[in-house]
Amino acid sequence: MIDQPTDRPLPSLTGGVIAGFLTLFVAMGIGRFLYTPLLPLMIHEYALSPRDAGLIASLNYVGYLIGAFTAGPLCRTFREYPVLVIGLLLSALTTASTGLFQSFPPLAISRALAGVASGLAFVSASGMVLTTIVRHHRESLTGLYYGGVGGGIVVTGLAAFPVAQYIGATGTWQLFSLISILCGLIILILMRAHQIPSQADARSRIPLPRNRRFWRVVVAYGLEGFGYIITGTFMVAAATSSIGPERAHLIWVVAGAAAIPSALFWSTTAHRVGRTRALVAALVLQSIGIVLPAVGNQLPILLLGSLLFGSTFMGIVTLALSEGASFAPQSRSSIIALMTGIYGFGQILGPTLASLLASYSGSYTSALVIASAAIAVAALHLLPDALHHPQRKPVTSKE
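A brief report on the enclosed structure follows.

Calculation criteria
Residues numbered from 1 in each chain as written. Predicted model: local features only at pLDDT ≥ 70, side-chain atom pairs only at ≥ 80, totals over all residues. Heavy atoms only, no water. Helix = DSSP H or I, 4+ residues; strand = E, 2+ residues; numbered from the N terminus. Buried < 20%, exposed > 50% of the residue type's maximum accessible area, 1.4 Å probe, protein only. Contact = heavy atoms within 4.5 Å. Areas by Shrake-Rupley, 256 points an atom, 1.4 Å probe, with all protein chains shown as cover. Salt bridge = Lys/Arg side-chain N within 4 Å of Asp/Glu carboxyl O. Axes fitted to C-alpha atoms, helices over the stretch in contact; angles between N-to-C directions. Parallel < 35°, antiparallel > 145°, perpendicular 65-115°, else oblique. Left-handed = near helix turned anticlockwise from the far one by under 90°. Nonpolar A, V, L, I, M, F, W, Y, C, P; charged D, E, K, R; others polar. Expected span 1.5 Å × (residues − 1). Phe/Tyr/Trp six-rings, centres within 6.5 Å; stacked < 30°, edge-to-face > 60°. Lys NZ or Arg CZ within 6 Å of the ring centre and 35° of its normal. 1 Å grid on protein atoms, 1.4 Å probe; cavity = no way out; pocket = protein on both sides within 12 Å on 5 of 7 lines; lining within 4 Å. Points joined across faces, edges and corners; volume = space filled by probe spheres on them. Patch = residues over 30% accessible without salt bridge, like charges linked within 9 Å, V, L, I, M, F, W, Y side chains within 5 Å.

## Re the overall build of the chain
And then number 1: Check the secondary structure of the chain and you find 12 helices and 0 strands.
And then number 2: Along the chain, from the amino end to the carboxyl end, the secondary structure elements read α-α-α-α-α-α-α-α-α-α-α-α.
And then number 3: Here the chain holds 399 residues, and the buried ones make up 59% of them.
And then number 4: Contacts spanning at least 24 positions in sequence make up 86% of the contacts within the chain whose residues lie at least 6 apart.
And then number 5: Accessible surface computed for the chain: about 15100 Å², of which carbon and sulfur atoms make up 69%.

## Observations regarding the pattern of salt bridges
And then number 1: Under the definition given, this model contains 2 salt bridges.
And then number 2: Between R216 and D385 there is a salt bridge; the shortest N-O distance is 2.9 Å. Here D385 lies in helix 12 (residues 365-388) and R216 lies in helix 7 (residues 212-243), a separation of 169 residues in the sequence.
And then number 3: Taking the relative accessible area as the measure of exposure, R216 reaches 26% and is therefore partly exposed.
And then number 4: Close ionic contact of E323 with R275 constitutes a salt bridge, the shortest N to O distance being 2.6 Å. Here E323, found in helix 10 (residues 299-326), pairs with R275, found in helix 9 (residues 275-295); they are 48 residues apart in sequence, far enough to count as distant.
And then number 5: On the basis of relative accessible area, E323 is assigned to the buried category, the value being 4%.

## Looking at the packing of helix 9 against helix 10
And then number 1: Between helix 9 and helix 10, the shortest axis-to-axis distance is 7 Å and the interhelical angle comes to 150°. By the angle between their axes, helix 9 is roughly antiparallel relative to helix 10. Judged by the twist between their axes, the crossing of helix 9 over helix 10 is left-handed.
And then number 2: Looking at side-chain class alone, the contact of helix 9 with helix 10 contains 18 nonpolar, 7 polar and 2 charged residues.

## Some points on the side chain of S177
And then number 1: When you line up the elements, S177 lands in helix 6 (residues 142-191).
And then number 2: If sequence neighbours within four positions are ignored, S177 has contacts with A92, T95 and A96.

## A short note on helix 1 (residues 13-30)
And then number 1: In a regular helix each residue adds 1.5 Å, so 18 residues correspond to 26 Å; helix 1 covers 24 Å between its end C-alpha atoms and thus fits that length.
And then number 2: Of all 18 residues in helix 1, 15 are buried, a share of seventy percent or more.

## What about the packing of helix 7 against helix 12?
And then number 1: Orientation of helix 7 relative to helix 12, taken along the N-to-C sense of each, is 160°, at an axis distance of 8 Å. With respect to their mutual orientation, helix 7 and helix 12 come out roughly antiparallel. The element helix 7 and its partner helix 12 pack so that their crossing is left-handed. For the pair formed by helix 7 and helix 12, the contact residues are R213, R216, V217, V219, A220, L223, E224, F226, G227, Y228, I230 and T231 on the first element and A367, L368, I370, A371, A374, I375, V377, A378, H381, L382 and D385 on the second.
And then number 2: Looking at the contact of helix 7 with helix 12 residue by residue, the classes come out as 16 nonpolar, 3 polar and 4 charged.

## Digging into the packing of aromatic side chains
And then number 1: Within the structure shown, the criterion is met by 11 aromatic pairs.
And then number 2: Taking 4.8 Å as the distance between ring centres and 45° as the angle between the ring planes, the aromatic pair formed by Y145 and Y146 counts as tilted. Each member of the pair, Y145 together with Y146, is buried.
And then number 3: Through a chain of ring-to-ring contacts, the aromatic side chains of F33, Y221, Y228, F309, F313 and Y343 assemble into a single cluster.
And then number 4: Against the face of F33 rests R32, its NZ or CZ located 5.6 Å from the ring centre.
And then number 5: The residue whose ring lies beneath R32 is Y64, and the NZ or CZ to ring-centre distance is 3.9 Å.

## Let's talk about empty space enclosed by the protein
And then number 1: A full pass over the atoms with the stated rule returns 5 cavities of 30 Å³ or more.
And then number 2: The space that makes up the largest cavity amounts to roughly 90 Å³.
And then number 3: If you go around the largest cavity, you meet 14 residues; those closest to its centre are M28, Y64, M314, V317 and Y343.
And then number 4: Of all the secondary structure elements, the ones that give two or more residues to the lining of the largest cavity are helix 7, helix 10 and helix 11 (332-361).
And then number 5: For the lining of the largest cavity, the per-class residue count stands at 11 nonpolar, 2 polar and 1 charged.

## What about the layout of surface pockets?
And then number 1: Approximately 380 Å³ is the volume attributed to the second largest pocket.
And then number 2: Around the second largest pocket, the lining is made up of 26 residues, and of these A238, A239, S241, Y364 and L368 lie nearest the centre.
And then number 3: Mapped onto the lining of the second largest pocket, the elements with two or more residues apiece are helix 7, helix 9, helix 10 and helix 12.
And then number 4: When residues in the lining of the second largest pocket are grouped by element, the largest group, 7 residues, is from helix 7.
And then number 5: Per-class residue counts for the lining of the second largest pocket are 15 nonpolar, 11 polar and no charged.

## Focus: a nonpolar patch on the surface
And then number 1: A cluster of nonpolar residues, Y166, I167, L175, L178, I181, L182 and L185, forms a patch on the protein surface that exposes about 760 Å² of accessible area.
And then number 2: Within the fold, I181 resides in helix 6.
And then number 3: For I181, a relative accessible area of 43% gives the class partly exposed.

What follows is the structure, given as structure tokens:
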């Protein structure tokens, strides 16, 4: 079990959280989400159609799914640290290669491999960082760790568009690959002390929970992956058509800025009202935020929608993964890998459907409505548990 005391000194909690924050900054904020603010420029520079852009995004999530599902077995065999090394190295290389190739086939391969890198880094880093947080009995700091995604979104949102005005989308990908390498070196130095002892790997062989409430959380998380990624991929492109590229990239910055403290906010809220109630509230607010741009395309409405979206999507990740892992804490890495993979299924379907609808209708309105509906269904799916089991204790019996 990962929570059992050992004779080894506990690694630095501060170093672990910083390394985890930077890991998500690199693998998710840059490796996955730099694509969003650069997408309008890439469509122009790379001569991509909306359908091509959606397919490339979906291939990225196919890679993410593969990375998430393979990370669990790889961590059991080789432990988390070597898997993290591979994930960070691959993330930096594919960020660079996205700028090297402009034709569809190699670009699609680069983004698919970038997805693999994100999945490997996310699962392996989560295993190490969350283990350290639990051992220090500071689970409230989980939100700071997940804030790395929002940090990456803010930096890419603020920097990508103005930098691309001088060096183009191609040069911007190259620049951020260098940033990924520098951050990766810091991460690996800090993470060396957080390698999980080999005897702790026995937790991964414990069967997954059979509890029905656990699987309802898994299903809701998959719906979240489908709904949120449509907005996360096409938010800037959709806003560009109505308010222009100069202001559209600010929509993404607002989302990222709201995401940084959101995981900590929702973790604190969960301690007060219960994880499931907090999760349902976050899903409802996100559903509203996603549909707002479909209702009106004025800047204040777009900013409000971006704020609601950004302030909930990492909170939902934090709450859902924490709730899922609470059913079997000894299998934390396996549960994170499973739920991340299910999340990835939704992310594969979302961009593909959105791009097809956009090509057919000429706008992203219908795609945003469908995304909002999927999130609303996820909230309704968990509502009975929120009313009757707001803060569950770990159980193993089937309910």
